[in-house]
Each structure stands twice: as structure tokens, then as C-alpha cells.
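# Chain and residue survey
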Amino acid sequence: MRPVPTVLRSVRVGTFVLLAACCAGLAAAQLELRIDGRPVGEVRTDLVAGTSYAPLDAIASGLGGRAVAPPGGTTAALTVGGHVLALDVVDQGSSPNRPAALRMDGRPAGDLAAIRGDDAVWAPVAATARAFGAQVAYLPEESAVLVVGPRPNLTDARIDGGSALETLSLRFDAPVAWIERAVPASDALELVVRRGRVDRARSLSGERFARVDLLPDAEGATVRITAPGSEFEVIAVAAGSGTDLRVRARARADEAERDAVPEGSVRIALDPAPPNGGEDRMGPLADAVAERLRAAGATVEITRSGAADPGPERRAAAAARADLFVALHPAGLGPGEVRLWVLGEAQDDAALAYAIRRNARAAAENGNVNDLRRELLLGLVPDADAGRRAADAMAEALFQSAGYRAGAVGEAPLAVLSGAAGRGVLIEMAPEAATDDAFADALAAAIRTATRGTR
């Protein structure tokens, strides 16, 4: 082989040095993530070659959603407008390539997992944004990754319900994020649906909604609501690829009456499971326990008065007001056995399967499948220790006073406990125990023990 000329060797070496310098410059360059024209954070391309990753919470902020990423967890979630994107999370250095690593409302949405970094969970920008209908582009001259979300169009607006509780349903053809504007009067509410479109200004009215104005706005679609004597609840439910934004207005007088708690009294909410094709034993048990608790000075609310399920709104409202929320459920247990559960992430496959069975049954009966999916994925608790302390105290008291064996308190993402902010306990018992006055005595005493020091 003939020797390579010195000049050619120099050119080759120079070219290699230039390419290396360019690559080093690209690696050092700071890329910016912009969502709908607003800078929200940085972008990294060194985690996976050729793929842009950004902090999950930054993407959530830009899309107007909420990110949930438990420390050390293997799954994270991003919810926007009632839609839930679940993301597998892998450690940095592990391969993120895995089938259906991203799942939008339970359907595969991408094969690149999120990556757990030292300071954040990093999500693949393109796959995450496109799952919510957004478009993604790279602007090399500005060192920026650009995400442009869809413009949600209002396609339907209606009012359902009556004077006690009315619901305003606003159907949009894309996921929505909204801002609640403070209104001095407590019987008025204003929402701005970000980038939302209303074809024309119009007004609606109902029995409780005195006036609802739907207005085009520079920021999006503005919804101005007047409902005298009402309090409001705003939720978003996935509707196909869009969102059904619901505003519920209920009589504030009813809430004030229920909130009239004597000074120093502990508030307890009892949630008896509705009958499932048989005799209603949990309802009478709740009445019996409530009678004993009230005699001891507690303020007790029972979520249902008949056989019908109270629904997630009533259950969540009762849970939010309570110092302790206790769900009563029958189970195939032997005499002298009870089982207690608190809200948390499932610790094993058996607990997760139990949660899915419990939640799926209630969701199927009430038609709240989207709510169920969201609760299963986002089943995180503001103060999980409160529920566990109460459950441990109840288990010990039931054993000491009446010999009921509870075993270890279980944790699972149970939708029935999701509104209690961690202050909820689900107790299972044999159906026969529910008709035993001695068990009602023991359970009331156990609940009193668990509520000591909760306020």
C-alpha cells in the first residue's frame, strides 16, 4: 500500500477535529422548550440520541395539565382535560425502548419511556405532546423545540339537573386547560379555557344557573357564570379526543347546614357500600354505628340514605369535610375477621388486582370509567400517614375490645377513598357481622379511638 500524502493526512485530521468541535458545540448548546409560544424549560438530547427529552412537570405546565411522578416510582402520569397519559419510567442508563411505554387513556401512544434523572423525570417531548394532539417542530436557528397544541372548539353546551344541583356541560373537540378567575361575589364564577374557540357569543340559563355567558376572548373562551346561593365544582372528563368540561352548582345552604359542626366535635363520614344484588346490610350498619358515635358527641354524615350509590361527587364532598372517612364493605371473610385498607400505591400485584376489582365494579355500576382510569393512575395521597394511623388504631381496637382479627393494613389505589386526602379507611367484614350489635359497638368504639387527635 502506498503511503498517504502528508497534505491529505492533514486535511483528514482537520476535518475530524472540525466535526468533533461541531458535535461538542451541539452537545453544549442549551435547547429551549416552548409550548404555545411560551418558554417552559430546557430540552436534553443526550439522554437518548436523536430524541428530545424535557422535564415532565415543565411539559405539564406548558400544556396546562398536572404531572404526577412518585419518587422512585416506575410509572408517572400527565393529565390534561380529563385525559391521562401514563408513562413508564426507567433509570438513566437503562434502555427506554419498550412497547407501549406511553399509554393515552389506556391505549398505546409511544415506545420510549420517561427517564428518571437526578432532579426530574424527563419525558420524550414529541411522543408526549402528540398524545394530546399537539404538533412538534425543531427550530435550529433559535435552538428551540416548539410545541403547538390544538385549539379546542366548543361544539356543545347544555345545562342538566334542577334547583338543588345543576351541571353545565361544555364539550370541546380537543383537551382543554382552564383558568379560574377570582370573582368577589361567592355566587359567581369565571373560567377562561386556554386557546378555546367559541364561534359566537351566547347565553344559557337554568334553574340554579341564573345566567351563563359564553364569550370569545383574546386568551381563549370565557365562561361567566352567575348562580345565586351556590357553590361550584369544576371537573374535566375525557370525551373521545376532546374534553367535556363540567361545572356543577349546588345549593350553598345545604352545605352550610351540614358544615354546622359543634365546637370541638369530630366529623366522621360513613360510606356504606350499596347492595349488590342482595340485602342492604351496610346501610343499617352505618345507621347503627352513626347512632353510637353521635351519642358520644361526634358529628356523623352518611353518604347515602337509600339503596342507590351516592356517586363520586357526593362521596368526595363528604370525604373532604370529614376528619375521618370510613367506607364499609362486605367481603367473603370468616367469623371474627376484618380487613382494613388505606389509599396508596399498590404494594403488590394482589393489592392492585383487588383495587381494580373494587373500582371497576363501582365504575361499571355508575358509568364512571374515565374517572376510574384517572383515579387508578393518579392514586396519590396528600397525607397517606393519616389514613394508616387511623387504620392501625382501628385494627388494634377491634382486636382488643371484641377479638376481631384484622392482620396487616393493606394499601391500594382505591377510588372510593380518593377524596379523603389520606384520612380514609375502607373496612371489610363478613356480611353477617353487619347485623351484629356487638360488632356495631366495637366498630363505633374503634372509630372513636382512631379519631383521637385527628383535629
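See above for the structure.
Residues numbered from 1 in each chain as written. Predicted model: local features only at pLDDT ≥ 70, side-chain atom pairs only at ≥ 80, totals over all residues. Heavy atoms only, no water.

### A word on unusual backbone geometry
Cut-off, in case you're wondering: Note on conventions: DSSP H or I runs of at least 4 residues are helices, E runs of at least 2 residues are strands, and numbering of each starts at the N terminus.
The phi torsion at A100 lies on the positive side, around 50°, for a residue other than glycine. Relative to the elements of secondary structure, A100 occurs in strand β7 (residues 97–104). For D105, which is not a glycine, the phi torsion comes out positive at approximately 50°. One can find D105 in the loop between β7 and β8 (107–112).

### Re helix α2 (residues 56–63)
As a reminder of what qualifies: Exposure is judged per residue with a 1.4 Å probe applied to protein chains only, and the accessible area is read against the type maximum: over 50% gives exposed, under 20% gives buried, and values in between give partly exposed.
With six of eight residues buried, α2 is to be regarded as a mostly interior element. Among the residues of α2, those classed as buried are L56, A58, I59, A60, G62 and L63. Just past α2, the residue G64 takes up positive phi, approximately 75°.

### So, the packing of aromatic side chains
Our working definition: Any Phe, Tyr or Trp ring, taking Trp's six-membered ring, that has another such ring centre within 6.5 Å forms a pair; planes under 30 degrees apart are called stacked, those over 60 apart edge-to-face, and the others tilted. Here, a charge over a ring means that NZ of Lys or CZ of Arg falls within 6 Å of the ring centre while also lying within 35 degrees of the ring normal.
According to the stated counting rule, one finds one aromatic pair in the structure shown. For the pair Y404 and F439, a centre-to-centre distance of 5.0 Å together with 65° between the ring planes defines the contact as edge-to-face. Residue Y404 is located in the loop between α9 (384–402) and β26 (410–412), and its partner F439 is located in helix α10 (residues 437–451); the two are separated by 35 residues in the primary sequence. Here Y404 matches F439 in class, with each residue buried. Over the aromatic face of W122 sits the side chain of R44, whose NZ or CZ is 5.1 Å from the ring centroid.

### Some details on the sheet that holds strand β17 (residues 202–204)
For clarity, the cut-off: The pairing criterion is simple: DSSP has to find at least two bridges between the two strands. A fitted line through C-alpha atoms serves as each axis, taken over the contacting stretch for helices, and the angle formed by two N-to-C directions is quoted from 0 to 180°.
Spatial strand order, β15-β16-β19-β18-β17: five strands in an open sheet with antiparallel pairing. Looking along the sheet, the strands with just one partner apiece sit at the ends: β15 (178–181) and β17. Strand-to-strand twist of the sheet, defined as the mean angle between neighbouring strand axes without regard to direction, takes the value 20°. The pairing of β15 with strand β16 (residues 188–194) spans four bridges and is classified as antiparallel. Looking at the pairing, I179 lines up with V192 of β16.

### Details of the pattern of salt bridges
Here is the rule: For this analysis, a salt bridge means a side-chain nitrogen from Lys or Arg found within 4 Å of a carboxyl oxygen belonging to Asp or Glu.
Applying the stated criterion to the full structure yields 18 salt bridges. Residue D46 pairs with R44 through a salt bridge whose shortest N-O separation is 2.9 Å. Owing to a relative accessible area of 54%, D46 belongs among the exposed residues under this scheme. Among the salt bridges present, the one from R267 reaches E301, with a minimum N-O distance of 3.7 Å. One end of the pair, R267, is in strand β22 (residues 267–272); the other, E301, is in strand β23 (residues 299–302), with 34 residues separating them in the sequence. Using a relative accessible area of 4% as the deciding quantity, one classes R267 as buried. Within this structure, E32, R34 and E142 form a network of salt bridges that share partners.

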